[in-house]
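So you can see what is in the structure, the chains are spelled out below.
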Amino acid sequence: VTAAKLKSAKNYWKDEFSNYPEPHLGVVVGGSNKTVDFNVSEAEQLAELMLTKARTEGFGSVLLTTSRRTGKAETEALHQALQSGGLPFYFYDADSDAENPYFGILASSDALIVTAESFSMMSEALAAAKPVFAYGLHWYLGKFHKTWGTAASAELTPVDPKVAEVTNTAQVIADAIQSRLGK
């Protein structure tokens, strides 16, 4: 994820996302993998934490995207929670034929919640240079503490933005190449 890619995505999605009151709370949801069972109970807990954060911190709307790994029942639980949550929301179901707003959500949100089973999603969220909150650190206990500098819990855990300097390796490599080429 580069600054240019995020700028382009923000511009591309600005008309769509302008229909939702600011500030935007972006939510990036992954799913089950060989280590994590992201089930309906986890989806409901995430939804409760997400809506509480949005309400208590004055977010105007939620922009949420699921992934190919998000199960149908979990996707439905998240969608139902947003429908009854009392906040305007944009909802992308990765199983739909609609265009994927992933980078637009990263670029357009004022803060991000990311499920913690994916180092890639977490790294990309941190590259967006927004406050990032991890959901699901309890799945990993020590692993994420070592990597992201946070304690493991079942709550939304702020991720230290300093780790973005380490995780945005594509940008670091691109900058080094451009520097050596004198650009």
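Everything numeric here is computed off the predicted structure, so don't read it as measured data. (Residues numbered from 1 in each chain as written. Predicted model: local features only at pLDDT ≥ 70, side-chain atom pairs only at ≥ 80, totals over all residues. Heavy atoms only, no water.)

**A short note on the environment of Tyr-92**
Next up, step 1: Following the sequence through the fold, Tyr-92 ends up in strand β3 (residues 89–92).
Next up, step 2: Taking the C-alpha atoms as reference points, Tyr-92 and Leu-64, separated by 28 residues in sequence, lie 6.2 Å from one another.
Next up, step 3: Apart from residues no more than four positions distant in its own chain, Tyr-92 is found in contact with Leu-64, Thr-65, Thr-66, Ala-98, Glu-99, Asn-100 and Pro-101.
Next up, step 4: Within the structure, Tyr-92 has its side chain in polar contact with the backbone oxygen of Ala-98 (distance 3.5 Å). (Helix = DSSP H or I, 4+ residues; strand = E, 2+ residues; numbered from the N terminus. Contact = heavy atoms within 4.5 Å. Polar contact = N/O pair within 3.5 Å; in protein donor to acceptor, adjacent residues only side chain to side chain.)

**Quick notes on the side chain of Ser-61**
Next up, step 1: Position of Ser-61 among the secondary structure elements: in strand β2 (residues 61–65).
Next up, step 2: A distance of 2.7 Å separates a polar atom in the side chain of Ser-61 from the backbone oxygen of Pro-21.

**Some remarks on unusual backbone geometry**
When glycine is set aside, most residues are seen to have a negative phi, and most peptide bonds are trans.
Next up, step 1: Following Glu-22, the chain continues into Pro-23 via a peptide bond in cis, with omega recorded as -5°.
Next up, step 2: You can see Pro-23 is positioned in the loop between α1 (3–17) and β1 (24–28).
Next up, step 3: With a phi close to 60°, Ala-129 is a non-glycine residue in the positive phi region.
Next up, step 4: Within the element layout of this structure, Ala-129 appears in the loop between α5 (119–127) and β5 (132–135).

**Focus: the confidence of the model for the chain**
Next up, step 1: Here the chain shows a mean pLDDT of 84. Residues at 70 or above account for 75%.
Next up, step 2: Scored below 50 in pLDDT, residues 162–169 shows 10 contacts in the model against residues more than four places distant or in partner chains. (pLDDT = per-residue confidence, 0-100.)

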